[in-house]
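Understanding the architecture of this molecule
Listed below, chain by chain, are the residues.
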Amino acid sequence: MGMCSTITDAPDFNASADAEALYNAMKGIGSDKEAILDLVTSRSNAQRQEIITAYKSSFGKDLIDDLKYELTGKFERLIVSLMRTPAYHDAKEIHDAIKGAGTNERCLIEVLASRNNQQTHEMVAAYKDAYGSDIEEDVVGDTSGHFKKMLVVLLQGTRDESGVVDADLVEQDAQDLFAAGEEQWGTDEAKFIMILGSRSVTHLRMVFDAYEKIAEKSIEDSIKSELSGDFERLMLAVVQCIRSVPMFFAKRLYKSMKGLGTADNTLIRIMISRSEIDMLDIRECFRLRYEKSLYNMIKDDTSGDYKRTLLNLCGGDDDLAGEFFPEAAQIAYKMWELSAMTKVQLRPTIRPASNFDPAADAQALRKAMKGFGTDEDAIIEIVTKRSNAQRQEIRQSFKSLLGRDLMKDLKSELSKNLERLIIGLMLTPAEFDAKMMQKAMEGAGTDEHALIEILVTRSNEEILAMNAAYQDAYKKSLEDAIQSDTSGHFCRILVSLVQGAREEGPADVERANADAQELADACNADSDDMEMKFMSILCTRSFPHLRRVFQEFVRCTNKDIEQIIKKEMSGDVKNSFYAIVRSVKNQPSYFADRLYKAMKGLGTDDRALIRIMVSRSEIDLFNIRKEFKETHDASLHEFIQGDTSGDYRKTLLEICGGED
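Described below are features of the structure shown in this document. Since the model is a prediction, treat every value here as computed from it, not as a measurement.

Assigned secondary structure in the protein consists of 41 helices and zero strands. For a compact globule of 660 residues, the expected C-alpha radius of gyration is about 26 Å, and the protein comes in at 29 Å, within 12% of that figure. For the protein, the spread of C-alpha atoms along the principal axes amounts to about 95 × 65 × 55 Å. Burial analysis of the protein (660 residues in total) assigns 51% to the buried set. Summed over all atoms, the accessible surface of the protein reaches about 28,900 Å², with 48% contributed by carbon and sulfur. Taking the 86 positively charged and 112 negatively charged side chains of the protein as two groups, their mean positions are separated by 4 Å.

Written out as structure tokens, the structure is:
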């Protein structure tokens, strides 16, 4: 049993006493479920096996049969599964996944990608014993193609576990993987299978690092673009398990509870199979990645005795603790390293129209608004299919040819969210940003999240253009407006950002080490000094440089900068620094998160939805869509579809592009 398990051997264990307690809990009418779950979850699996034996000796009955008879539903499945040995539990999961109608490929992938050699051999033997057939034959009979071949490789349980690493072979493997995929038309899948299926974990981690240097993208990104279907999913799972098994399970757990309904079988399988191996690490990875403890997620997502049992397997609530395990520090370090090396190709969803004729567009828009009623479809069709630069030409033509102001006409013909959205698309990016800043400050409340999001994510050039547009539209400086609307350190952070003077350029390694050390030292200062020190670095250094700083910060402190910000700071200051860190790490992912927050929960934050869809449509909305799908297991398209309506929805979906 690892140091990182939540379930351990009970001291002063007495199998016959436990057997009797379980017998009494099931005697008579109705069973004492709490007594059953508390007993079962406070014994290790080996001890549970002794209880099964003692039960049969004392009462001449099979404990598992009795439990099945007394309990029902998910709770029954959970308790009965806890009574099986790990190998038999795995064997049953595989058997259930391939027998019956349809195959549960995701279960096959999860189990076979994550088990080590010994676990695999024990599972193969248990399967033979329990079902009298050969697991490999059954899997082969139920799957096909490269997916099948890789499963067969994994079922051999022959991955190198020697721990010897040969630097030349690392380089060779990285080159071979690159040649097998990115470098040519068509993919040599056999190479991927051979290397990812047989090399040791330590070796492959080095291969992935070498691969990134050659390909300038992560092995995961290459797999996503080169492979497809179940084979792609399996290979991604293998790579994730090589990088970190606990992080792999944290992601699977999150996806099992997120979205509509809970995938209880996945939840049960993972909680049981990892409770005596690495549950503490999984919890830590979960909190690192989702900023919420696994404990709270289970608590919010399940109920009754089923919930109580799962929480016992989970152990404590990390939102109360605040420690950081070494495994998580290593993962955080790798995450920053990856973010520093990956060159992301930013992709828009709106591109310039070919054969563009501004005069014809101006005439068509006039026609759509003339007379009685408005032809919204015609307006949407033109506005969403032109780039912003082309829309500016249309505005000019409208005035030159018709002597009318297109913006005024649109405002009088459209209303509510559709009007805000179409006008947003017609404004220049600088005018739109200036207007969004003004909207966030005018009236009674201030929308601090909007101010943060705009100022953190715009380039220097965009900020300077926004300042000029603001001055032009509102006859005062944006800086003055910010100063009269915000206060304290939050105000100082925004004023620093609105200068548009962030350094540009690559990381300076020596300076990054010094910056990281300064931030680490600041964590021991009082909160005033800490916030000012964070501001002096986070608001001024270039993003590539900050990636390096945050990576080194993990080395100095064994903590991730995000955690420190969440723990030591509060309110708008915390949100500002957090937004900077998230943008530095992965800006499309930060926007995906903001979009999710705008639509999830009660009511939609339409202003945020419009702001992000419009301002990112010609920059990186395609990347944002991909990140959205990756994190939320549902596409941005589905979310917009379910959360908006009418012509407003139609326009948003046009901007969004594909359905992913």
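Past the structure itself, the notes keep going.
This part takes up the nonpolar core. The biggest cluster of nonpolar side chains holds 204 residues, and the ones touching the most others in it are Ile94, Leu196, Met271, Phe534, Phe577 and Met613. By residue number, the principal contributor to this core is helix α37 (residues 571-599), which donates 13 residues. Leu196 has contacts with Met150, Arg159, Leu204, Phe208, Ile223, Met235, Val238 and Val239, leaving out every residue within four places of it along the chain.

Negative phi values dominate among residues other than glycine, just as trans dominates among peptide bonds. Phi is positive for Glu216, close to 55 degrees, though the residue is something other than glycine. For Glu216, the location among the structural elements is in the loop between α13 (201-215) and α14 (219-226). Looking at Glu216, the relative accessible area reads 38%, which means it is partly exposed. With phi around 55 degrees, Lys416 is a residue other than glycine that occupies positive phi space. Relative to the elements of secondary structure, Lys416 occurs in helix α27 (residues 416-426).

All right, on to the layout of surface pockets then. Roughly 530 Å³ of internal volume is contained in the second largest pocket. Residue assignment for the lining of the second largest pocket shows that the elements contributing at least two residues are α7 (105-114), α8 (117-131), α10 (145-155), α13, α15 (229-243) and α16 (245-257). With four residues, the single largest contributor to the lining of the second largest pocket is α15. Looking at the lining of the second largest pocket residue by residue, the classes come out as 11 nonpolar, 12 polar and nine charged.

Using the criterion set out here, one finds zero disulfides in the structure. Unpaired in terms of disulfides, Cys314 finds its nearest cysteine sulfur in Cys285, a separation of 13 Å.

Here the focus is helix α2 (residues 33-41). Those residues of α2 lying buried are Ile36, Leu37, Leu39, Val40 and Thr41. Next to the buried residues of α2 lie α1 (15-26), α3 (45-59), α4 (63-70), α5 (73-83) and α20 (304-314).

For the pair α1 and α2, the least separation of the axes is 9 Å and the interaxial angle reads 155 degrees. By the angle between their axes, α1 is roughly antiparallel relative to α2. Read as a crossing pair, α1 and α2 show a hand that is left-handed. Seen from α1, the contacting residues are Asp18, Ala21, Leu22, Ala25 and Met26; seen from α2, they are Ala35, Ile36 and Leu39. Considered class by class, the residues forming the contact of α1 with α2 number seven nonpolar, no polar and one charged.

Take the pattern of salt bridges next. A full pass over the atoms with the stated rule returns 42 salt bridges. The residue Asp90 makes a salt bridge to Arg115 at a minimum N-O spacing of 2.8 Å. With Asp90 in helix α6 (residues 86-98) and Arg115 in the loop between α7 and α8, this pair connects stretches of sequence that are 25 residues apart. We classify Asp90 as buried; its relative accessible area is 5%. Here Arg287 makes a salt bridge to Glu284, at a shortest N to O gap of 3.5 Å.

Glancing now at the packing of aromatic side chains. As enumerated under the stated definition, the model contains 16 aromatic pairs in all. With a centroid separation of 6.3 Å and 70 degrees between ring planes, the pair formed by Phe178 and Tyr211 is classed as edge-to-face. One end of the pair, Phe178, is in helix α11 (residues 167-180); the other, Tyr211, is in helix α13, and 33 residues separate them in sequence. Tyr211 matches Phe178 in its accessibility class, with the two residues each being buried. On the basis of an interplanar angle of 5 degrees and a centroid distance of 3.6 Å, the ring pair of Tyr254 and Tyr290 is categorised as stacked. Here Tyr254, found in helix α16, pairs with Tyr290, found in helix α18 (residues 279-290); they are 36 residues apart in sequence, far enough to count as distant. By relative accessible area, which is 13% here, Tyr290 ends up buried. In this structure an aromatic cluster arises from ring pairing among Tyr23, Tyr55 and Phe59. One Lys or Arg, Arg347, reaches over the ring of Phe622 and ends 3.8 Å from the middle of that ring. Positioned above the aromatic ring of Tyr578, the side-chain terminus of Lys566 is 3.7 Å from the ring centre.

Another aspect to go through is α13. Its 15 residues place the ends of α13 21 Å apart at the C-alpha level, agreeing with the 21 Å of an ideal helix rising 1.5 Å per residue. Those residues of α13 that sit buried are His203, Leu204, Val207, Phe208, Ala210, Tyr211, Glu212 and Ala215. Once α13 finishes, Glu216 follows within two positions and takes phi at roughly 55 degrees, a positive value.

This part covers the side chain of Arg541. You can see Arg541 is positioned in the loop between α34 (527-538) and α35 (543-557). A polar contact is formed between the side chain of Arg541 and the side chain of Thr540, at a distance of 3.0 Å. Aside from chain neighbours lying at most four places away, what touches Arg541 is Arg502, Glu503, Arg511, Asp515, Ser536 and Leu546.

Cut-offs applied
- Residues numbered from 1 in each chain as written.
- Predicted model: local features only at pLDDT ≥ 70, side-chain atom pairs only at ≥ 80, totals over all residues.
- Heavy atoms only, no water.
- Helix = DSSP H or I, 4+ residues; strand = E, 2+ residues; numbered from the N terminus.
- Rg over C-alpha atoms; globule rule 2.2 N^0.38 Å.
- Buried < 20%, exposed > 50% of the residue type's maximum accessible area, 1.4 Å probe, protein only.
- Areas by Shrake-Rupley, 256 points an atom, 1.4 Å probe, with all protein chains shown as cover.
- Lys, Arg positive; Asp, Glu negative; His and termini not counted.
- Charge placed at Lys NZ, Arg CZ, Asp CG, Glu CD.
- Core = buried A, V, L, I, M, F, W, Y, C linked by side-chain atoms within 4.5 Å.
- Contact = heavy atoms within 4.5 Å.
- 1 Å grid on protein atoms, 1.4 Å probe; cavity = no way out; pocket = protein on both sides within 12 Å on 5 of 7 lines; lining within 4 Å.
- Points joined across faces, edges and corners; volume = space filled by probe spheres on them.
- Nonpolar A, V, L, I, M, F, W, Y, C, P; charged D, E, K, R; others polar.
- Disulfide = S-S within 2.5 Å.
- Axes fitted to C-alpha atoms, helices over the stretch in contact; angles between N-to-C directions.
- Parallel < 35°, antiparallel > 145°, perpendicular 65-115°, else oblique.
- Left-handed = near helix turned anticlockwise from the far one by under 90°.
- Salt bridge = Lys/Arg side-chain N within 4 Å of Asp/Glu carboxyl O.
- Phe/Tyr/Trp six-rings, centres within 6.5 Å; stacked < 30°, edge-to-face > 60°.
- Lys NZ or Arg CZ within 6 Å of the ring centre and 35° of its normal.
- Expected span 1.5 Å × (residues − 1).
- Polar contact = N/O pair within 3.5 Å; in protein donor to acceptor, adjacent residues only side chain to side chain.

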